[in-house]
Amino acid sequence: MKAVILAGGLGTRLSEETTIKPKPMVEIGGQPILWHIMKIYAAYGINDFIICCGYKGYTIKEYFANYFMRMSDVTFDLRFNQMNIHKGYAEPWRVTLVDTGEKTMTGGRLKRVREHIGNETFCLTYGDGVSNVNIAKVIEFHQQQGTLVTLTAVQQPGRFGAISLAKDQTIINSFHEKPQGDGAWINGGYFVVESAAIDYIADDATVWEQEPMQKLAHHQQLSAYRHDGFWQPMDTLRDKNYLENLWENGNPPWKIW
């Protein structure tokens, strides 16, 4: 099965990093968050990736072009223009990088890579969120549901400490650091998609999360796999630092490999 990763957005809320690189190339633990996402899929045997590039997509291409070199010990003999690799490791990945346009919306990016997907069931996610979701169970659930699309539904934790205050109350009786949000389930990405769902996308200006998913829901072709484990997007510098701290502490929840 292939995994399609949307990696072409501007990432304006992370401008501290994204002025020089696309958001999927912002590093956590010395590796782009894109690499972490791919490692999650690879842990379930999915090693064939289609990356939808856009903003500064050439940096993603350069990363994979030099991947083996980055992961290897090497000696350069400049006198004889020779290179000797002493120790090298590369992932068993097949990576197709497609320029889907800088201003193309998420649905348009998916439509542009249809020729690389064929008529197969495939996985789809965003290039800026990590999770310990069980991909194998999402795929199994999707097959049981028989719909065109399954999304992973998550409940995002609150970002700030919550307190309870009644009218005119000044003494706090309870405080919860980063409580669960309002209980609503939200789209966490990590989709499983039938290729026929791409027919719901009109053109480059189509946002996948709007008309296509609304129509899929209306036609009862959209299922939700509930994931109550770890899920975290990297929308802001605060998110990036949070993920970095989890990695540095030695047991990041999304490291399932």
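Up top is the structure these notes are about.
No experiment lies behind these values; they were computed from the predicted model shown.

Undergrad: Is there a simple way to think about the pattern of salt bridges in this case?
TA: When the charged atoms of two side chains lie near each other, side chains of opposite charge can form a pair. Summed over the entire model, instances satisfying the criterion amount to ten salt bridges. The salt bridge partner of Lys 2 is Glu 120, with a shortest N-O separation of 3.3 Å. Here Lys 2, found in strand E1 (residues 2–7), pairs with Glu 120, found in the loop between helix H6 (114–117) and strand E8 (122–126); they are 118 residues apart in sequence, far enough to count as distant. Residue Glu 120 is classed as partly exposed on the basis of its relative accessible area, which comes to 38%. Asp 128 is paired through a salt bridge with Lys 23; the nearest N and O atoms lie 2.8 Å apart. Taken together, the residues span a long stretch of sequence, with Asp 128 in the loop between E8 and strand E9 (129–131) and Lys 23 in the loop between helix H1 (15–18) and strand E2 (27–28) at a distance of 105 residues. The two residues Asp 128 and Lys 23 agree in class, both being buried.

Undergrad: I tried to follow the environment of Arg 109 on my own but got confused; where do I start?
TA: Along the chain, Arg 109 falls in helix H5 (residues 106–112). In this structure Arg 109 comes out as buried when scored by relative accessible area, which is 4%. Sequence separation between Arg 109 and Ala 7 is 102 residues; the distance between their C-alpha atoms is 9.3 Å. Setting aside its immediate chain neighbours within four residues, Arg 109 contacts Leu 6, Gly 8, Gly 9, Cys 52, Cys 53, Gly 54, Thr 100, Gly 101, Glu 102, Lys 103 and Thr 104. Polar contacts involving the side chain of Arg 109 include one to the main-chain carbonyl oxygen of Gly 8, which spans 3.1 Å.

About the thresholds
- Residues numbered from 1 in each chain as written.
- Predicted model: local features only at pLDDT ≥ 70, side-chain atom pairs only at ≥ 80, totals over all residues.
- Heavy atoms only, no water.
- Salt bridge = Lys/Arg side-chain N within 4 Å of Asp/Glu carboxyl O.
- Helix = DSSP H or I, 4+ residues; strand = E, 2+ residues; numbered from the N terminus.
- Buried < 20%, exposed > 50% of the residue type's maximum accessible area, 1.4 Å probe, protein only.
- Contact = heavy atoms within 4.5 Å.
- Polar contact = N/O pair within 3.5 Å; in protein donor to acceptor, adjacent residues only side chain to side chain.

Function cannot be read off these values alone, since they describe shape.
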